[in-house]
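# A structural walkthrough
The lines below spell out each chain.
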Amino acid sequence: MKDAFYSFLGLAVRAGKVKTGDETVLHEIRKQSLSLVIVAGDASPNTQKKFKDKSSYYQVPLYITGDRESLGGAIGKDSRVVIGISDNGFAKKLISMLDE
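Computed from a predicted model, the values in this text were never measured in an experiment. (Residues numbered from 1 in each chain as written. Predicted model: local features only at pLDDT ≥ 70, side-chain atom pairs only at ≥ 80, totals over all residues. Heavy atoms only, no water.)

### What about the sheet that holds strand 1 (residues 18–20)?
For the record, the criterion: Two strands form a pair only when DSSP identifies at least two bridges running between them. Secondary structure follows DSSP: runs of H or I at least 4 residues long count as helices, runs of E at least 2 residues long count as strands, and numbering of each begins at the N terminus. Axis lines are fitted through C-alpha atoms, for helices just across the contact stretch, and the angle between N-to-C directions can take any value from 0 to 180 degrees. Throughout, a contact is declared for two residues whenever any of their heavy atoms are within 4.5 Å.
Sheet architecture is open: four strands sit in the order 1-4-2-3, paired in mixed fashion. Single-partner strands in this sheet number two, and they are strand 1 and strand 3 (62–65). Each adjacent strand pair in this sheet contributes to an overall mean axis angle of 25°, direction not counted. The sheet contact formed by strand 1 and strand 4 (residues 82–85) spans three bridges and is antiparallel. Note on strand 4: the bridge partner recorded for lysine 19 is glycine 84. Docked against the sheet, helix 5 (residues 88–99) engages strand 2 (36–40), strand 3 and strand 4, running at close to 50° with respect to strand 3.

### A short note on helix 2 (residues 22–31)
Quick reminder of the rule: Categorising residues by exposure relies on relative accessible area from a 1.4 Å probe, with only protein chains included: less than 20% of the type maximum marks a residue as buried, more than 50% marks it as exposed, and the intermediate range marks it as partly exposed. By construction, the arc corresponds to the directions joining the helix axis to the C-beta atoms.
Within helix 2 the residues assigned to the buried category are Val25, Leu26, Glu28 and Ile29. Along the axis of helix 2, the buried residues cluster in a sector spanning 165°; they form a single face. Exposed residues on helix 2 whose side chains face more than 90 degrees from its buried face are Glu23 and Lys31. For helix 2, the elements touching its buried residues are strand 1, strand 2, helix 3 (45–57) and strand 4.

### Some thoughts on the packing of helix 2 against helix 3
Axes are the key here: two packed helices are described by the angle between their axes and the distance separating the axes. Applicable threshold: Note that the term roughly parallel is reserved for angles under 35 degrees, roughly antiparallel for angles over 145, roughly perpendicular for angles of 65 to 115, and oblique for everything else. Left-handed describes a crossing whose near helix is turned anticlockwise from the far helix by less than a right angle; the clockwise case is right-handed. When residues are sorted by character, Ala, Val, Leu, Ile, Met, Phe, Trp, Tyr, Cys and Pro go into the nonpolar class, Asp, Glu, Lys and Arg into the charged class, and all the rest, Gly among them, into the polar class.
Put simply, helix 2 and helix 3 touch, their axes get as near as 10 Å, and they point 15° apart. Between helix 2 and helix 3, the angle falls in the class roughly parallel. Crossing handedness for the pair helix 2 and helix 3: left-handed. Within the contact between the two elements, helix 2 uses Asp22, Val25, Leu26, Ile29 and Arg30 and helix 3 uses Thr47, Lys50, Phe51, Lys54 and Ser55. For the contact of helix 2 with helix 3, a count of residues per class yields four nonpolar, two polar and four charged.

### Some points on the environment of threonine 24
Along the chain, threonine 24 falls in helix 2. Among the residues examined, threonine 24 registers a relative accessible area of 36% and is labelled partly exposed. Separated by 60 residues in sequence, threonine 24 and glycine 84 have C-alpha atoms that sit 8.8 Å apart.

### Section: the pairing of strand 2
Put simply, the rule reads: The path from the first strand over the helix to the second decides the hand: if it runs clockwise while the strands point away from the viewer, the crossover is right-handed.
In terms of burial, strand 2 is a largely internal element, five of the five residues being buried. Neither face of strand 2 is open: one carries Leu36, Ile38 and Ala40, the other Val37 and Val39, and all of them are buried. Strand direction decides the pairing type here: strand 2 and strand 4, joined by four bridges, are antiparallel. Residue pairing across strands places leucine 36 opposite isoleucine 85, the latter belonging to strand 4. As judged from the four bridges shared by strand 2 and strand 3, these two strands associate in the parallel manner. Bridged to isoleucine 38 within strand 3 is tyrosine 63. Note that the unit made of strand 2, helix 3 and strand 3 has a crossover that is right-handed.

As structure tokens, then:
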């Protein structure tokens, strides 16, 4: 499951539907332009809480999964703690993979 999830995340990046970085993702949540937020499981409790609170306030689905190295690797960057998906279709597919 995980391999398919990370591969699909890579596909979303190539399609230009991924936002990364704390400030960028927070900004996009506030603009309500994200369909999914993914936070690394090894992110600090503070970071996890910040994104959980923002996501629930703006009603954006949030999943805590993987670790910063895996998330970063999947999108072809260094370690990434938070990733936002801006496309509804990609978000639905990733959520269905996470819910398996």
